[in-house]
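For reference, the chains in residue letters:
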Amino acid sequence: MEQDWFLYSITLFTFIVIFTFCYIRHVFTYFERKRISSTTHPNFPFGNIYDVVFQKTPMFMQLWKFYNRFKRKNCKLGGFYVFLKPAVLIIDSQLTKAVLSADNNYFRDLDDANRSDLNGKLSDKILDDILKGIQEAWSQTTTDVEDGEVNFSEMVDLKLVEIGVREFFGMETEHFRHLNEKRMLGNFQKLVSMCYAEFGIFFKKFENKNKKLSDVVKRIDESRKSDDNDNVLQTLLVGGYSVSEIVDVMICLTDNLKKANNLVLFTLYELSINKEIQEDLRGEIKRFKKSKLLSSVSQLEELSYLETVIYETLRKYPLKPFVYKICTTDYNENNFNLSKDLLLFVSIFGIHHDAQNYVNAELFDPDRFSEENEKFIDSAKYLPFGGASKNDLDSRYVILLMKLALTELLLKFEFSLGKKSCKSLRFDESSFELKSKDDVWLKVKVL
């Protein structure tokens, strides 16, 4: 009898191994069956993202490698595997437009990052509140800076965010820190959530169960009784938003504050290398500041060269380096056949660094976006916000933060590379966004 059970166990185990092998082989031949060009042979169980899972390379850099590979082969799209899930990287510009279009019901956005979904008038009021708050934050941040080398990563990532949160919402960062952690999944969790919705739901429930909002809710309730109407929190309360909606907006604004600060660091680094651009920009800012006192967001539109510098930063270092969506139903249009539940990726970083889209793509050149050249920029090839319009609140907010930071800093300091400055920027492998791996040290001269 025991021998029979042993034999049955061996037979069952053998069938399980054979079935598993056949299933994996079936999954990993998806693109051959669909006749779609694919990248290198996948490895079980990571597919083609082993280096991303183990933080050897950022996800956007891995996608850039795939983009260049498929581009060289003149493919309109190419396949790879995220764990056992087939995914397609879109290369064709027309299909990119279709995938990123908000009106296309074939594709659903999987990125669960909050967006500030507010009406136009309230958005304008919030931006004006932010203008006052961030001006105050920068004036406090730069008070003690002297000639020499300064760690701007430390200044921007820590001090400025802390002051910004206080000015926007009237609360300290320790009361707010757990809100920032709400969306900060590890690489592995985010990749798993990306592929398998049921795990994403589990992670969300686990996070919500451990979320502590008491300090923030208490602060919001205190603000209801306050006569102070000069910050973002009060504006949201007057607008009639619920506590949960206000919390979501607060998370979004703080998250984008950090992202904008990263972009400021990249801009300062580029201006330190390109002294002529730095001097031209400083000249425009001086003329602007001499003629008027900054009191509203609309006044900043007069700084046309500053806008070109910011647009070029967003080209070289896009706020969203890649976008991922899922096919909600079979898509059969314009000679493209995409199956339901197929993962779709667009490498914004790849598009922006493609030599066919931008001459000398690695060169920092704001003149690409000058008035006479801007008309030649294809909207399908300039996507710094991942397909979102530069006129929505999140985009306007990030651009506003960058404008205020650069006007404040360039009036006070002259920037150059010093002994502690990194010779070239390296990106953090643990981040899904563009973030410098090394602290950004710059040599400053107080003007």
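Residues numbered from 1 in each chain as written. Predicted model: local features only at pLDDT ≥ 70, side-chain atom pairs only at ≥ 80, totals over all residues. Heavy atoms only, no water.

### Comments concerning the confidence of the model for the protein chain
Per-residue confidence for the protein chain gives a mean pLDDT of 83, with 85% of residues at or over 70. Counting contacts from residues 180–185, a segment whose pLDDT is below 50, to residues more than four positions away or on other chains yields 13 contacts. (pLDDT = per-residue confidence, 0-100. Contact = heavy atoms within 4.5 Å.)

### Some points on the side chain of Asn262
Its location among the elements puts Asn262 in helix α13 (residues 243–273). We classify Asn262 as buried; its relative accessible area is 11%. With near-sequence residues (within four places) excluded, Asn262 lies in contact with Asp157, Leu434 and Lys435. (Helix = DSSP H or I, 4+ residues; strand = E, 2+ residues; numbered from the N terminus. Buried < 20%, exposed > 50% of the residue type's maximum accessible area, 1.4 Å probe, protein only.)

### Considering helix α7 (residues 152–169)
Along an α-helix, a turn takes 3.6 residues, which lines up residues three or four apart on a common side. For α7, spanning 18 residues, the distance from its first C-alpha to its last is 24 Å, which sits close to the expected 26 Å at 1.5 Å a residue. Approximately 30° is the largest bend angle found in α7, and it occurs at Leu160. Those residues of α7 that fall on the buried side of the exposure criterion are Phe152, Ser153, Met155, Val156, Leu160, Val161, Ile163, Gly164, Val165, Phe168 and Phe169. The N-capping residue of α7, defined by a side-chain oxygen 3.1 Å from the backbone nitrogen of Ser153, is Asn151. Trailing α7 by a residue or two, Gly170 shows a phi angle of about 70°, which is positive. (Expected span 1.5 Å × (residues − 1). Bend = angle between axes of the 7 residues up to and from the residue. Polar contact = N/O pair within 3.5 Å; in protein donor to acceptor, adjacent residues only side chain to side chain.)

### Some points on the sheet that holds strand β10 (residues 441–446)
Spatially, three strands are ordered β4-β10-β9 in an open sheet, and the strand pairing comes out antiparallel. Strands at the two margins of the open sheet, each flanked by one partner only, are β4 (148–151) and β9 (413–416). Taken over all neighbouring pairs, the strand axes of this sheet differ in orientation by 45° on average, direction set aside. Judged from the four bridges that link them, β9 and β10 form a sheet pairing that is antiparallel. Its bridge partner lying in β10, Ser416 is registered against Lys443. (Pairing = 2+ DSSP bridges. Axes fitted to C-alpha atoms, helices over the stretch in contact; angles between N-to-C directions.)

### A look at the sheet that holds strand β2 (residues 85–90)
Strands pair in a sheet through their backbones, by hydrogen bonds, and they do so in one of two ways: parallel or antiparallel. If you trace the five strands from one edge of the open sheet to the other, you get β1-β2-β8-β5-β3, paired in mixed fashion. If you trace the sheet from one side to the other, it starts and ends with β1 (77–82) and β3 (107–109), each paired once. With strand direction ignored, the average angle separating the axes of adjacent strands in the sheet is 35°. Sheet topology note: the β3/strand β5 (residues 322–327) ladder contains three bridges and is antiparallel. Directly across from Arg108, in β5, lies its bridge partner Ile326. The strands touched by helix α4 (residues 59–72) within the sheet are β1, β2, β5 and β8 (343–347), with β8 carrying the most contacts at an inclination of about 85°.

### Regarding helix α17 (residues 393–412)
Along its 20 residues, α17 runs 29 Å from first to last C-alpha, staying within 8% of the 28 Å computed at 1.5 Å per residue. For α17, a buried count of 17 out of 20 residues is recorded, marking the element as mostly surrounded by other parts of the structure.

### Here we look at the packing of aromatic side chains
Two aromatic rings are characterised by how far apart their centres lie and by the angle between their planes. Applying the stated criterion across every chain, the model contains 26 aromatic pairs. Plain terms: the ring middles of Phe107 and Tyr331 are 5.1 Å apart, the flat faces sit at 50° to each other, and that makes the pair tilted. With Phe107 in strand β3 and Tyr331 in strand β6 (residues 331–333), the pair connects residues that are 224 residues apart, well separated along the chain. Owing to a relative accessible area of 6%, Phe107 belongs among the buried residues under this scheme. Through a chain of ring-to-ring contacts, the aromatic side chains of Phe60, Trp64, Phe266, Tyr317, Phe349 and Phe427 assemble into a single cluster. One Lys or Arg, Arg315, reaches over the ring of Tyr358 and ends 5.2 Å from the middle of that ring. The side chain of Lys420 reaches across the aromatic face of Trp441, ending 4.2 Å from its centre. (Phe/Tyr/Trp six-rings, centres within 6.5 Å; stacked < 30°, edge-to-face > 60°. Lys NZ or Arg CZ within 6 Å of the ring centre and 35° of its normal.)

### Looking at the packing of helix α15 (residues 304–316) against α17
Between α15 and α17, whose axes approach to 11 Å, the crossing angle comes to 120°. The orientation of α15 with respect to α17, classified from their angle, is oblique. The hand of the α15/α17 crossing is right-handed. The residues of α17 that touch α15, namely those facing Leu306, Glu307, Ile310, Tyr311, Thr313 and Leu314, are Ile399, Met402, Lys403, Leu406 and Thr407. (Parallel < 35°, antiparallel > 145°, perpendicular 65-115°, else oblique. Left-handed = near helix turned anticlockwise from the far one by under 90°.)

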